[in-house]
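# Descriptive analysis of the structure
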Amino acid sequence: MDKTRRDFIRSTAVAAVCAVAGCSRQPSQRAALDMDAAGLEWHKSVCRFCGTGCGVQLGIQGGRLVALRGDPEHPTTKGLVCAKALFLPKILHSPERLKKPQIRRNGALVDATWEEAMSAVAQRFSEDIKNHGPDSVAYYGSGQCLSEESYLANRLFKGGIGTNNVEGNPRLCMASAVGGYVSTFGKDEPMGCYDDVEEARVFFLVGSNTAESHPVIFDRILLNRQSGKRAKVIVLDPRKTPVRSAADIHLAPRPGYDLAVFHAMAHVIIGEGRHNQDFIDKHVTFKKVVDGEPADVSFDEYVEFLDEFSPEKVETLADVPAANIVRAARLFSVGPTTSLWTMGLNQRITGVWANNLMHNLHLITGQIGKPGATPFSLTGQPNACGGVRDTGTLCHVLPYGRLVAKAEHRAEIEKIWGAEAGKIPAKPGLNTIELFRALAEDKIRSMLILTTNPGHSLPNLETYRDAMGKPRPDKPFIVVADAYPTRTTELADVVLPAAMWTEKEGVFGMSERRYQFLPKLVEAVGESRSDFHILLDLAARLEEAGVVAAGYVSSKFEEPADVWEEMQEASRDTAYDFTGMVRERLKKERGLRWPCPSEDHPGTARRFVKGEDPLLDSGPYADDSVPAGEISFYARPDKKAVVWLRPMKPPAEPTDEEYPYVLSTGRVLEHWHTGTMTMQARELRRAQPEAFVEIHPDDADELGVASGDMVSITSRRGEAVIKARVIDTPKRGMVFVPFHWAESDSLINKVTIDAYDPGSKQPEFKICAVKLAKA
Amino acid sequence: VEIKPGSVKTAAGIAVLGVLARVDVRERRRILGALEELDGVSTFSVDEEERIGILIEAGSLDGARTTLSAEVEKVHGILGTWPVFAHAEPESDPGSDARPVLARTAEEGAGDGQNAP
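In this report, the structure presented in the accompanying data block is examined.

Along its 13 residues, helix α11 (residues 215-227) of chain A runs 18 Å from first to last C-alpha, staying within 8% of the 18 Å computed at 1.5 Å per residue. Those residues of α11(A) not exposed but buried are Pro215(A), Val216(A), Ile217(A), Phe218(A), Asp219(A), Arg220(A), Ile221(A), Leu222(A), Asn224(A) and Gln226(A).

Set out below in structure tokens:
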């Protein structure tokens, strides 16, 4: 390594940092950002990991991705990325990538040609559809597929094959947030944006380890706190996560009892006259469920309902000091308040209700629809929003806010898709848990799994691993497309090597409704193909077999751009309208936020606000009666959002004498989900090499456990054996285990529960009862 | 920007991390001093007092990452670190101890009957 080269790399690193920091100095280092001299070509793209959607610049040299840096020109992430992103080049070029298709023969996966693999897949799917009906097959996708891929899969299965057995892993992470937005505001997706993080004077972080799971957002919170609006931070979480470094108030309820805390805060806000009566009168209705149906109630009835949730009563119920509830409520009502939440709220049997109660606080205070005031659900995957939620790639929905159960919505989509009228069944398909239960009962005969790892990520895991892989006569046929070997590919009958991220082109849609284009910059490794081309191939073969109408897919699409045009059309005149996001524009811009109904529209920061949301100016939601700056919840029939009276409901599996501890699962900074990508980077793996269980010191004393001891964690469903980390971060009586590690003893989802929210169908990963013993 | 020579020990390779750190401004001077004491670590100012730039050099990205997590992030008063640039060429030991997921599970026996290699 010559000195000049080394100095050059150093200077470039300094320049990159300065660029991200927005430095006005270091012109020489700024100049070094032009790395063309080093033979690198830099391209803008988007990070592969979470839903923050960080803009990145990728350095390509000799057909390989060799460098990555944050994109300082990105409008919302402004050059910051987290540690995971920087190792994406190594992850992409990992020697462990799958490179050839594999077929299971005599119990073992062996290499095959694409023709052999796809022929086997198409033959089995066709036979099952012919012999057992369309509902005998299923698709299980991912918030990591590109939007065009998820849309195409949805289109093929619902409109081509004629089954609504279309699900994806966002059911495990975002479904309750969707349920909350839909039941409160009429349509899914946040109305606010990341700009609000800079404008807020109060943050309410609920069940969100923002510092580790969304570190770039957390930096913006710290920035605001230190030198911006000097915001205060309220944290509601039973675990002391790293966000506590920024917390002014930490409310640590018994796991599962945060609903009572929300109500108690509302009790204080209204009791002290801190609510916004004018906003309530104009924009809010109150409802509760009576005999299974929503029923209107009055504001006074809501106030009466809250009587059961005085801070003092909730202190007893939820183990949160009443004084802290009062302080939090007062702070929240001052605002502008931005609430951010993730799995702690969503992965619950009361996930939708908890989301509703979060929205309640914003609605009764009017902390919504203005800079810094918004309820904002953070997303865990890069394309759960744009790819799955928006395209309707779940069993009960259709693209862009349409519902399977509505005949007019099915007819609209059948027309756009060119499907036979009546092809989309009127009955929603099976949700994720029910889908895998049906697989266990051999009712689902064939399943296509794209870019996700249910053999690691499902709750009550052994049951569903057996469903996918346990040998038995006439076992269901499992097809998995992935970039790496996983705990799911090992169960598959056919494994298809998938191109990933920058090996293919498409669109990601992240948390703030921003759709961003990812260019193809390198060739896929080995024989890998994109999910898009795998789906095209499958569709053509199913057409040939006569189980999908001839030409339904094959005559319409050759490249992802073709699908994008149809997606734009499908969004026209919906609350998601992005007809202005033509492909060429997306390639130039660093993302656009919908609604964006014309090619000259800049995108929308805040939905539902007259003057910002273009859908209030023209189209089916236009309303001239709304004054500029005023809010209109136009996705609701009466244009009013709903404050729901939701009762307190305990977790599905409370602790008892036999299982006296609460298990909660989550993440660490260095790893992502089931670790299939981050474990490929030795640096990340070494930083967090093995699973651990956090145990409160008082509990550890009682158990005779010290840090480093192996601990058996047992529930009614299974056992994991994991190294103890004695630390006071979890509340006493609670243990915490990250779920990233794939070793059999570390698979904590063997222990978690598959009870799910009756509204969102999202499982309660966050709470189950366990017993602990030194192993 | 003054960048100290660093202490890259492997002549065969260089790895550089460029990191932004958010710091407690009251502790800024002490933090800068503590960081400069670390092997392979240089600091430089950016416009905001609340943030500092950090350059970490090592023989491999693994080494740079270890310096970041085991030393830099442990300095009291550092509120958070955001690595924004990584570059390595060539690495002396790229993934030599890689133990990918399937290899691990195969060693253990997948426990699902039909899929043992």
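Moving on, we get to the environment of Val72(B). All names here are of chain B. As for its position among the elements, valine 72 is in the loop between α2 (61-70) and β4 (78-89). The spatial distance from the C-alpha of valine 72 to the C-alpha of alanine 21 is 9.4 Å, given a sequence separation of 51 residues. Dropping the residues within four chain positions of it, valine 72 is found in contact with Leu35, Leu38, Val41, Ile54, Ile56, Thr67, Ile78 and Thr81.

Bringing helix α20 (residues 407-417) of chain A into the picture now. Residue and element names in this part refer to chain A. For α20, every residue scored as buried is listed here: His409, Arg410, Ile413, Glu414 and Trp417. Here the buried residues of α20 occupy an arc of 130 degrees about the axis, which is enough to place them on one side. Packing partners of the buried residues in α20 comprise α6 (147-161), β15 (397-398), β16 (402-403) and α25 (560-571). One or two residues past the end of α20 sits glycine 418, with phi positive at roughly 75 degrees.

Glancing now at the side chain of Gln144(A). All names here are of chain A. Position of glutamine 144 among the secondary structure elements: in the loop between β6 (137-141) and α6. Glutamine 144 sits in the buried class, given a relative accessible area of 11%. Side chain to side chain, glutamine 144 and arginine 48 meet in a polar contact 3.1 Å long.

Moving on to the sheet that holds strand β28 (residues 734-738) of chain A. Reading around the circumference, β24-β28-β25-β27-β26-β29 (chain A) is the order of the six strands in this closed barrel, with mixed pairing throughout. Strand-to-strand, the axes of this sheet are offset by a mean angle of 45 degrees, without reference to chain direction.

Below, the discussion takes up the pairing of strand β2 (residues 41-45) of chain B. Across a regular strand the side chains alternate sides, sitting on one face of the sheet and then on the other. All names here are of chain B. In terms of burial, β2 is largely enclosed, as four of its five residues are buried. Pairing between β2 and strand β3 (residues 51-58): five bridges, direction antiparallel. In the sheet register, valine 41 faces β3, and the bridge partner there is isoleucine 56. With antiparallel pairing between neighbouring strands as the criterion, β2 and β3 make up a hairpin whose turn holds five residues.

Once that is clear, we can look at the pattern of salt bridges. All names here are of chain A. Enumeration according to the criterion identifies 64 salt bridges over all chains in this entry. Of the charged contacts, one joins glutamate 73 and arginine 590 as a salt bridge, the two residues approaching to 3.7 Å between their closest N and O atoms. One end of the pair, glutamate 73, is in the loop between β3 (64-70) and α3 (83-86); the other, arginine 590, is in the loop between α26 (583-588) and β22 (592-593), and 517 residues separate them in sequence. Assessed through its relative accessible area of 54%, glutamate 73 is described here as exposed. Residue classification places arginine 590 among the partly exposed residues on the basis of a relative accessible area of 22%. One salt-bridge network, in which partners are shared between bridges, spans Glu115, Arg529, Asp537 and Arg541.

Residue and element names in this part refer to chain A. With their axes 9 Å apart at the nearest point, helix α12 (residues 258-271) and helix α18 (residues 351-365) run at an angle of 15 degrees to one another. Of the possible angle classes, the one that applies to α12 and α18 is roughly parallel. In this structure, α12 crosses over α18, and the sense of that crossing is left-handed. Counting all contacts with α12, which are made through Leu259, Phe262, His263, Met265, Ala266, Ile269 and Ile270, the residues of α18 involved are Trp353, Ala354, Leu357, Met358, Leu361, Ile364 and Thr365. Broken down by class, the residue content of the contact of α12 with α18 amounts to 12 nonpolar, two polar and no charged.

Parameters and conventions
Residues numbered from 1 in each chain as written. Chains lettered and ligands numbered in written order. Predicted model: local features only at pLDDT ≥ 70, side-chain atom pairs only at ≥ 80, totals over all residues. Heavy atoms only, no water. Helix = DSSP H or I, 4+ residues; strand = E, 2+ residues; numbered from the N terminus. Expected span 1.5 Å × (residues − 1). Buried < 20%, exposed > 50% of the residue type's maximum accessible area, 1.4 Å probe, protein only. Contact = heavy atoms within 4.5 Å. Arc of directions from axis to C-beta. Polar contact = N/O pair within 3.5 Å; in protein donor to acceptor, adjacent residues only side chain to side chain. Pairing = 2+ DSSP bridges. Axes fitted to C-alpha atoms, helices over the stretch in contact; angles between N-to-C directions. Salt bridge = Lys/Arg side-chain N within 4 Å of Asp/Glu carboxyl O. Parallel < 35°, antiparallel > 145°, perpendicular 65-115°, else oblique. Left-handed = near helix turned anticlockwise from the far one by under 90°. Nonpolar A, V, L, I, M, F, W, Y, C, P; charged D, E, K, R; others polar.

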